[in-house]
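Understanding the architecture of this molecule
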Amino acid sequence: MYALVDCNNFYASCERVFNPALNGKPVVVLSNNDGCVIARSQEAKDIGIAMGVPAYQVEPLIKTHNVAVFSSNYQLYGNMSERVHATLAEFAPELEIYSIDEVFIRLSGMENFDLKQFGTKVVRTTTKNTGIPVSMGIAPTKTLAKLANRFAKKNKGYKGVCLIDTDEKRIKALQLTEVADIWGIGRQTAKKLAKVGVKTAFEFTQLPRAWVRKNMTVVGEKTWCELHGEPCIELETVPPDKQQICTSRSFGKMVEDLPTLTEAVSTYASICARKLRNQKSCAATLMVFIHTNNFREDLPQYFKNSIVHLPVATSSSLEISQYAIRELERIYLPNYLYKKAGVIILEIVPETSVQGNLFDTVDRDKHKRLMKAVDQLSDRFGKDKMKLASQGNGQKWKLRQEKLSPCYSTKISDIITVKL
DNA sequence: TCTGGGGTCCTAGGACCC
DNA sequence: TCTGGGGTCCTAGGACCC
């Protein structure tokens, strides 16, 4: 059996842990640049604030209902996420950290346990230890565990735990669920299924397997099998190394000049390089892209990217940033208002198997030592304390984060500020 | 005024090989 | 009249997830 533990309204719950005055009140968290609503407390959902809407469109609702609004604070959420994992790890040895707010657990060797009781204990302990309310779905496959989790959340009577352990419960759950709400069935597939008269998850499972294979590829076929109770999607206890790494942001204000864009691109390149070093890899290809604001139909538009293959794979911020800036200079055109830029690194290989180059002139050992020192300093004093000169100070392009909460759990300076 | 960011997997089709 | 067969690799694009 598998369990899926999912934190309820995760980002909104994180904000509440350190600010209990918000309990019982509507809370929303916004995406980067304070753009869209990406998390809502139950109260915020109840007054009709939809997921993903631009914040300015729900401004009247926010005012009328006195909704607490926060910029996203990933340092806080990441740390709270780690606390949830730590508690769960005490209950089970095999965890898959599926996302910042979801964990799959393999429940092996528990045949003689009362799983419902076990689940209730996990849910209660996690909430008690971290302050974050969680729900748990338990079933024979990951897809069914996801489904069970939906019921655990939606239905108060379950008290946060839903167990699908018989065929009867499985079929009942499938009948009560729209196929579009199944994990792995997206909008396009749901549309296709509607055309052949399939609305519920149960109806989907009644389609012939061959039809599913033909029309929905092996991916759909796996979902079909999992809904029948046959596990096809393995637990991934060790996260695989990333095959591509991307850092991109929209700017707080539109940017026109090359020097400012250069600061941003250099910063994104450095962040990519750090992510690369964290997984002990190097990359041999790099792409830079810039584009204007495509919501502004009244302005001239320009979307462009540029790819470069490096002579030797690297994870040095200096090198990656240099190449990124060079590509930016190739694609930059004046007289456009840019809204977003990004750096993507590809062709990622383990740092232990980098292919050398006879004509290499870079002192790679030196770079490595330097990066190690920089990373240690960043970990100790904050990631923005030491950077390349080309990154500038970020004043002209940084994110808009007008409603940022303090990093209660990670930064001492913030805690002191709060107390004052 | 204002509209997020970061990933993975699969398939089809073209280029190329012997 | 007639023009093989069997592969691999790469890329772009679509679909999905949080």
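Report follows, based on the coordinates. If you're wondering where the values come from, they're calculated on a predicted model, not measured in any experiment.

1. Quick look at the nonpolar core
By size, the foremost hydrophobic cluster in this structure holds 35 residues, and its most contacted members are Phe10, Leu88, Ile105, Leu107, Ile132, Met136 and Ile138. The greatest single-element share of this core, amounting to five residues, is contributed by helix H4 (residues 74-89). Counting residues in hydrophobic clusters, the runner-up holds 31 residues, among them Leu276, Leu286, Ile348 and Trp397.

2. Quick look at the pattern of salt bridges
On inspection of all chains with the given rule, the structure shows 20 salt bridges. Between Glu319 and Arg364 there is a salt bridge, with its nearest N and O atoms 3.0 Å apart. Of this pair, Glu319 sits in helix H12 (residues 317-331) while Arg364 sits in helix H13 (residues 364-381); the two residues are 45 residues apart in sequence, bridging distant segments of the chain. Residue classification places Glu319 among the buried residues on the basis of a relative accessible area of 6%. Counted as one network, the salt bridges with shared partners bring together Arg274, Arg277, Asp375 and Asp379.

3. Looking at helix H1 (residues 10-17)
For H1, a buried count of seven out of eight residues is recorded, marking the element as mostly surrounded by other parts of the structure. Among the residues making up H1, those that are buried are Phe10, Tyr11, Ala12, Ser13, Cys14, Glu15 and Arg16.

4. What about the packing of aromatic side chains?
Two descriptors summarise a pair of aromatic rings, namely the distance from one centre to the other and the angle between the planes of the rings. Evaluation of the coordinates by the stated rule reveals 14 aromatic pairs. A ring pair is formed by Phe18 and Tyr408, whose centres lie 4.8 Å apart and whose planes are at 10 degrees; its orientation type is stacked. Note that Phe18 is positioned in the loop between H1 and strand S2 (27-30) and Tyr408 in the loop between H13 and helix H14 (412-419), a separation of 390 residues in sequence. A centroid spacing of 5.1 Å and a plane angle of 20 degrees characterise the contact between Tyr302 and Tyr336, whose relative ring orientation is stacked. A residue pair is termed long-range when its members are at least 10 positions apart, and Tyr302 in the loop between strand S10 (281-292) and strand S11 (303-314) and Tyr336 in the loop between H12 and strand S12 (338-350) qualify at 34 residues. Taken together, the ring pairs connect Phe10, Tyr11, Tyr74 and Tyr77 into an aromatic cluster. The side chain of Lys142 reaches across the aromatic face of Phe104, ending 4.7 Å from its centre. Here the basic side chain of Lys154 rests over the ring of Phe151, its NZ or CZ set 5.7 Å away from the ring centre.

5. Brief notes about the pairing of S12
Here strand S9 (residues 245-255) runs beside S12; their pairing, made up of seven bridges, is antiparallel. Directly across from Ser250, in S12, lies its bridge partner Lys340. Where S10 meets S12, eleven bridges bridge the pair, whose relative direction is antiparallel. Counterpart to Ser281 in the pairing with S12 is Pro350.

6. Focus: the environment of Phe381
Looking at where Phe381 falls in the secondary structure, it is placed in helix H13. A relative accessible area of 47% means that Phe381 is categorised as partly exposed. The spacing of Phe381 and Lys411 is 30 residues in sequence and 9.8 Å in space, taken between C-alpha atoms.

7. Side note on the sheet that holds strand S4 (residues 68-71)
Remark on secondary structure: sheet strands pair via backbone hydrogen bonds, oriented parallel or antiparallel. If you trace the three strands from one edge of the open sheet to the other, you get S3-S2-S4, paired in mixed fashion. What marks the edges here is a single partner per strand, and that holds for strand S3 (37-40) and S4. For this sheet, the mean angle separating the axes of adjacent strands, direction not counted, is 25 degrees. In this sheet, S4 lies alongside S2 in parallel orientation, the contact comprising four bridges. Along S4, the bridge assignment pairs Val29 with Phe70. Along the sheet, H1 contacts S2, S3 and S4; its crossing angle with S2, the most-contacted strand, is approximately 115 degrees.

8. A short note on helix H6 (residues 142-154)
Note that an α-helix has 3.6 residues per turn; residues three or four places apart therefore point the same way. Look at H6: 19 Å from first C-alpha to last across 13 residues, which is about the 18 Å you get at 1.5 Å a residue. Every buried residue of H6 is accounted for by Lys142, Thr143, Leu144, Ala145, Lys146, Leu147, Ala148, Asn149, Phe151 and Ala152.

9. Focus on the side chain of Ser13
Within the secondary structure, Ser13 sits in helix H1. Apart from the residues lying within four places of it in its own chain, the contact partners of Ser13 are Asn8, Ile132 and Pro133.

10. Considerations on the protein's contact with DNA strand B
Neighbouring DNA strand B are 25 residues; Ser31, Cys246, Ser248, Arg249 and Ser250 lie closest to it. The sugar-phosphate portion of DNA strand B accounts for 73% of its atoms within 4 Å of the protein, the bases making up the rest. Residue composition of the surface near DNA strand B, by class: eight nonpolar, ten polar and seven charged.

11. Some words on the protein's contact with DNA strand C
By nearness alone, 13 residues border DNA strand C, and Glu102, Lys146, Gly184, Gly186 and Thr189 come closest of all. In the interface set of DNA strand C, defined as its atoms within 4 Å of the protein, sugar plus phosphate atoms amount to 100%. Between DNA strand C and the protein, one listed contact pairs a phosphate oxygen with a side-chain N or O atom of Lys146 at 2.7 Å. With respect to DNA strand C, the backbone of Gly184 contributes an N or O atom lying 2.8 Å from a phosphate oxygen. For the surface near DNA strand C, the secondary-structure elements that each account for two or more residues are strand S5 (95-99) and helix H8 (187-195). Here the surface near DNA strand C takes three residues from H8, the largest share from any one element. A class-by-class count of the residues in the surface near DNA strand C yields four nonpolar, five polar and four charged.

12. Describing a nonpolar patch on the surface
A contiguous nonpolar surface patch, about 270 Å² in accessible area, is contributed by Leu377, Phe381 and Met386. With respect to the element layout, Leu377 can be found in helix H13.

13. Some remarks on the sheet that holds strand S7 (residues 134-139)
The strand order across the open sheet built from five strands is S5-S6-S1-S7-S8, with neighbouring strands paired in mixed fashion. With one partner strand each, in any of the chains shown, S5 and strand S8 (161-163) form the two edges of the open sheet. Put simply, the sheet's adjacent strands are angled 15 degrees from each other on average, direction ignored. Both S5 and strand S6 (residues 102-106) contribute to a ladder of four bridges, which runs antiparallel. Among the inter-strand pairings, Leu95 is bridged to a residue of S6, identified as Ile105. Each of strand S1 (2-7), S5 and S6 is contacted by H4, which is oriented at about 155 degrees to S5, the strand it contacts most.

Thresholds, definitions, all that
Residues numbered from 1 in each chain as written. Chains lettered and ligands numbered in written order. Predicted model: local features only at pLDDT ≥ 70, side-chain atom pairs only at ≥ 80, totals over all residues. Heavy atoms only, no water. Core = buried A, V, L, I, M, F, W, Y, C linked by side-chain atoms within 4.5 Å. Buried < 20%, exposed > 50% of the residue type's maximum accessible area, 1.4 Å probe, protein only. Helix = DSSP H or I, 4+ residues; strand = E, 2+ residues; numbered from the N terminus. Salt bridge = Lys/Arg side-chain N within 4 Å of Asp/Glu carboxyl O. Phe/Tyr/Trp six-rings, centres within 6.5 Å; stacked < 30°, edge-to-face > 60°. Lys NZ or Arg CZ within 6 Å of the ring centre and 35° of its normal. Pairing = 2+ DSSP bridges. Axes fitted to C-alpha atoms, helices over the stretch in contact; angles between N-to-C directions. Contact = heavy atoms within 4.5 Å. Expected span 1.5 Å × (residues − 1). Near = heavy atom within 4 Å. Nonpolar A, V, L, I, M, F, W, Y, C, P; charged D, E, K, R; others polar. Polar contact = N/O pair within 3.5 Å; in protein donor to acceptor, adjacent residues only side chain to side chain. Patch = residues over 30% accessible without salt bridge, like charges linked within 9 Å, V, L, I, M, F, W, Y side chains within 5 Å. Areas by Shrake-Rupley, 256 points an atom, 1.4 Å probe, with all protein chains shown as cover.

Spatial relationships are all this shows, so hold off on functional conclusions.
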